[in-house]
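Notes for the structure review
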Amino acid sequence: MNVTFTPWPDEIAHRYRQEGLWTGENIAEVLERHAVERPEHPAVIDHNGGIGYAELTHSAKVAASSLHAHGIRRGDIVVVQSANDRSYVIVLFALFRLGAIPVCALPAQREAEIGYFCRHTGAAAYLHSDEAVHTRIAQAVTTDVGLTLPLSRITGDSDHSPYDETGAGGAELALLQLSGGSTGVPKLIPRTHDDYLYSVRIAARVCRVDTDTRYLCALPVAHNFPLSSPGVLGVLYGGGTVVMAPDPSPDTCFRLIDTHRVTMTALVPALAKVWLSAAKHRAWKPASLQVLQVGGARIDSADAKKVEDVLGVRLQQVFGMAEGLVCYTRHDDPDDIVHTTQGLPASAWDEIRIVDDNDVDLPSGVDGHLLARGPYTIRGYYRADEHNTVAFTTDGYYRTGDMARITPSGHIVITGRAKDQINRGGEKIAAAEVEERLRTHPAVSDVAVIAVPDPELGERSCAVCVADGLSAKEVRAHLRKQGVAAYKIPDLVRFTDRLPQTAVGKVDKMRLRSEFLQSDTTRLAVREAAIQEDHR
Ligand code: AMP
Ligand code: DBH
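Below or above, wherever it landed, is the structure these notes cover. (Residues numbered from 1 in each chain as written. Chains lettered and ligands numbered in written order. Predicted model: local features only at pLDDT ≥ 70, side-chain atom pairs only at ≥ 80, totals over all residues. Heavy atoms only, no water.)

Considerations on the packing of aromatic side chains
On inspection of all chains with the given rule, the structure shows 11 aromatic pairs. Measuring from centroid to centroid gives 6.3 Å for Tyr-116 and Phe-117, while their planes differ by 65°, and the two rings are edge-to-face. Overall, the relative accessible area of 15% leaves Tyr-116 in the buried class. Across from the ring centre of Tyr-397, 5.0 Å away, lies the NZ or CZ of Arg-353, which sits over that ring. (Phe/Tyr/Trp six-rings, centres within 6.5 Å; stacked < 30°, edge-to-face > 60°. Buried < 20%, exposed > 50% of the residue type's maximum accessible area, 1.4 Å probe, protein only. Lys NZ or Arg CZ within 6 Å of the ring centre and 35° of its normal.)

Comments concerning unusual backbone geometry
Of note, the bond from Ser-229 into Pro-230 is cis; its omega dihedral lies within 30 degrees of zero at -10°. Inspection of the secondary structure puts Pro-230 in the loop between helix H9 (224-228) and helix H10 (231-237). Backbone geometry places Arg-261, a non-glycine residue, at a positive phi of 50°. Tracing the backbone shows Arg-261 in the loop between helix H11 (250-260) and strand S11 (264-267). For Arg-261, a relative accessible area of 52% gives the class exposed. (Helix = DSSP H or I, 4+ residues; strand = E, 2+ residues; numbered from the N terminus.)

Examining the site of ligand 2
Every residue close to ligand 2 is listed here: His-223, Asn-224, Phe-225, Ser-229, Gly-296, Val-318, Gly-320, Met-321, Ala-322, Val-326 and Lys-428. Residue Asn-224 places a side-chain N or O atom 3.0 Å away from an oxygen atom belonging to ligand 2. Contact distances for ligand 2 include 3.2 Å between an oxygen atom and a backbone N or O atom of Ala-322. The protein chains hide 95% of the 290 Å² of surface that ligand 2 would expose on its own. The set of elements that each furnish at least two residues to the shell around ligand 2 consists of H9 and strand S13 (314-321). In terms of residue count, S13 provides more of the shell around ligand 2 than any other element does, 3 residues in total. A per-class count over the shell around ligand 2 returns 5 nonpolar, 5 polar and 1 charged. (Near = heavy atom within 4 Å. Polar contact = N/O pair within 3.5 Å; in protein donor to acceptor, adjacent residues only side chain to side chain. Areas by Shrake-Rupley, 256 points an atom, 1.4 Å probe, with all protein chains shown as cover. Nonpolar A, V, L, I, M, F, W, Y, C, P; charged D, E, K, R; others polar.)

Function-wise, these values are silent; they only describe arrangement.
So this is what it looks like as structure tokens:
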């Protein structure tokens, strides 16, 4: 298999190894120590009950044999799409053990995204949940991938003896994460065993994970935040217990928190708001919960404070990216820092810079582009040579596309975004991807997708189209027909005769946005307008 990713320069990799940041281990080895030291300690709890560390380790080894029997080998790429349950954890560890490389697809993705991942990576298999929608995707992508299988066929297959080797490790690829991206096609993020395990280890340390930690996985487990910051992998690394929530609603999660005495969980700001109002309404105080992590999009300081006042838990702001860098507020930071900043980098080895449009470093406190480099920040996307020349500086810094400043105390404050993306309640939409898909409609002569402010989700998307005789409903139907994730369907569709241009002839999205804000749709009416449009 021709796996193409940009490694760290030799001398830097050598240094990370020498300093003990990179250990050469395979991520699957994380479980071994706990399987011996606390075999019965619950590792994962889901709707079918709990399994201890010994059983999880054994199940992962048997699943590795089953995958091997299905022809999956070291270096093969396997697209995995699952609900939040134990089968995901078992199969993930099985793939790590084999040295096969999971693509961490999200449950909301559809045949357009899954088919693309399969083709772009030359995937050996697509493993999916038993849900009807994922089974349909499997049928739709059969021409894109060699093998499609429900995860339950792997985890339910006990005919094999455990697969004991750990095929890969260290500098080899562990998994491919997904980027929210800003380009026409989604970008895949190559993470090695060394770098991912390092990010998991420091996350567990920063978040003080230990064997008493009981973490509720409320967000989709494949996402980098609940998987690794510290998430499922960080909690298993620390010997704690992961409770899998099938959905993030207050109904489901409040019950799981009380039943399993959950101590820690992670949400995006939009969900934190939903939880806050439900908790207030029901006068619910989570007795066991100590920490609520909020990240994926900026939480405003008023909501940050409310998390602590209403729920009576400590907030931890988490600013991160699947490409690497993750920042956390620390539990002993003063309230003001926790409420108003996005924290400090997880590692002293993280290198960050704030620069102007010409990559010139700015004085501390001034707003600019955030660049990041370090022992767990990638040096290039997977098979994306051309894009890599713009997404990374020549000396290997990742251009995050975020605007930020550094406070006198050294904390990061995210002030905006330079990348052409919509952050819809933590779900990122690359404007260019949606625009390209809409342009394939014969009646659409031009289109720009922009972010518009929204009180619930932070942002929603609006497609401004130059298109004769089309309705909003038809515009959305054109995207749905292509089989894309529902969150990419524009919330609002507006029509215009001409898109405004900048001096260099690009679409002037700043102007479009300000025109939108002055238009008849008030900020509060966006959601209602979207619903009405869809019925017209
Ligand atoms: P991705 O590259 O798709 O993993 O998405 C990472 C991006 O999410 C970051 O570059 C930010 O734009 C955004 N993000 C994540 N966490 C936060 C946060 N706490 N505050 C503001 N933006 C965030
Ligand atoms: O938004 C993200 O991608 C994100 C947020 C918080 C992330 O990848 C992470 C923490 O690791």
